[in-house]
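One letter stands for each residue in the lines below.
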Amino acid sequence: GENVEQHPSTLSVQEGDSAVIKCTYSDSASNYFPWYKQELGKGPQLIIDIRSNVGEKKDQRIAVTLNKTAKHFSLHITETQPEDSAVYFCAPNSGYSTLTFGKGTMLLVSP
Amino acid sequence: GAVVSQHPSRVICKSGTSVKIECRSLDFQATTMFWYRQFPKQSLMLMATSNEGSKATYEQGVEKDKFLINHASLTLSTLTVTSAHPEDSSFYICSARGTGARNYGYTFGSGTRLTVV
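Remember, predicted model here, so these are calculated numbers, not experimental data.

Procedures and definitions
Residues numbered from 1 in each chain as written. Chains lettered and ligands numbered in written order. Predicted model: local features only at pLDDT ≥ 70, side-chain atom pairs only at ≥ 80, totals over all residues. Heavy atoms only, no water. Disulfide = S-S within 2.5 Å. Helix = DSSP H or I, 4+ residues; strand = E, 2+ residues; numbered from the N terminus. Buried < 20%, exposed > 50% of the residue type's maximum accessible area, 1.4 Å probe, protein only. Phe/Tyr/Trp six-rings, centres within 6.5 Å; stacked < 30°, edge-to-face > 60°. Contact = heavy atoms within 4.5 Å. Buried area = accessible area lost by both parts, 1.4 Å probe. Salt bridge = Lys/Arg side-chain N within 4 Å of Asp/Glu carboxyl O. Nonpolar A, V, L, I, M, F, W, Y, C, P; charged D, E, K, R; others polar.

Chemist: In this structure, what is going on with the state of the cysteines? I would like to understand it.
Modeler: A covalent bond bridging the sulfur atoms of two cysteines is what the word disulfide describes. Residue and element names in this part refer to chain B. Counting across every chain of the model gives two disulfides over all chains. Two residues, cysteine 23 and cysteine 94, share a disulfide whose sulfurs are 2.0 Å apart. Residues cysteine 23 and cysteine 94 share a disulfide whose torsion about the S-S bond is about 80°; that sign makes it right-handed. With cysteine 23 in strand β3 (residues 19–25) and cysteine 94 in strand β9 (residues 90–97), the pair connects residues that are 71 residues apart, well separated along the chain. The two residues cysteine 23 and cysteine 94 agree in class, both being buried. With no disulfide partner, cysteine 13 has as its closest neighbouring cysteine sulfur the one in cysteine 94, 18 Å distant.

Chemist: I'm lost on the packing of aromatic side chains in this one. Help?
Modeler: In this description, an aromatic ring pair is defined by two values, namely the gap between the centres and the angle between the planes. For the coordinates displayed, the defined rule picks out 12 aromatic pairs over all chains. An angle of 50° between the planes, with centres 5.8 Å apart, marks the rings of Tyr36(A) and Phe101(A) as tilted. A residue pair is termed long-range when its members are at least 10 positions apart, and Tyr36(A) in strand β4 (residues 32–38) and Phe101(A) in the loop between β9 (86–90) and β10 (105–110) qualify at 65 residues. Both residues of the pair, Tyr36(A) and Phe101(A), belong to the buried class. Site record: aromatic cluster; members linked through ring pairs are Tyr36(A), Phe89(A), Phe101(A), Tyr36(B) and Phe108(B).

Chemist: In this structure, what is going on with the interface of chain B and chain A? I would like to understand it.
Modeler: Many structure descriptions define interface size as the accessible area lost when the parts assemble. The interface is formed by 21 residues belonging to chain B together with 21 residues belonging to chain A. Interface of chain B and chain A: buried area, both sides summed, is about 1700 Å²; carbon and sulfur atoms make up 58% of it. On inspection of chain B and its partner chain A, the count reaches zero salt bridges. Taken together, the residues of the side of chain B that touches chain A sort by class into nine nonpolar, 10 polar and two charged.

Keep in mind these values describe shape, not function.
As structure tokens, this is what we get:
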């Protein structure tokens, strides 16, 4: 099965700084790479995803970069805001397989 | 689009009783539904996968007689925690997957906080 590692486990930044979270996976068949945001007491919400035929994708302040050769992909958040504070999970998979979540990264953005 | 409604959001029950959690896809047909369990400060752990009209497939270590899953329609799946005990207290989250959606259809419910006293 998929072995997923996510780093760092916690990340504290000042408002306006950038944040980067990295996800490493083991299954070379993985071709879908999503990032989820989970706020306290809520279910995960998809914030950005990327397919294996694309190296980078951006949506306003959020971007995801993929290095398939090295089997890792990263979440980039620029101009962080306090409302970005949450736990972020990666869940690489091969499309219709079940999701294997990373252990999560707690992001704290201080005003 | 792609909204999943999960109820209740919170439930407190006495030890030995059963609790039912509902997961509904509101605007799409969920061919597959997933149930997860999440302990504080931990990741989501898959409990079982269910396809409409079929028996659920449980992950290793998950007691199928304790966690009853029913997926009788394309819009509704239920998880029943039978004879609940304090160690069953956790955050339960469902996810529904349709077909053709941009994110392969993985949409999550808002979760249910179960406390067994």
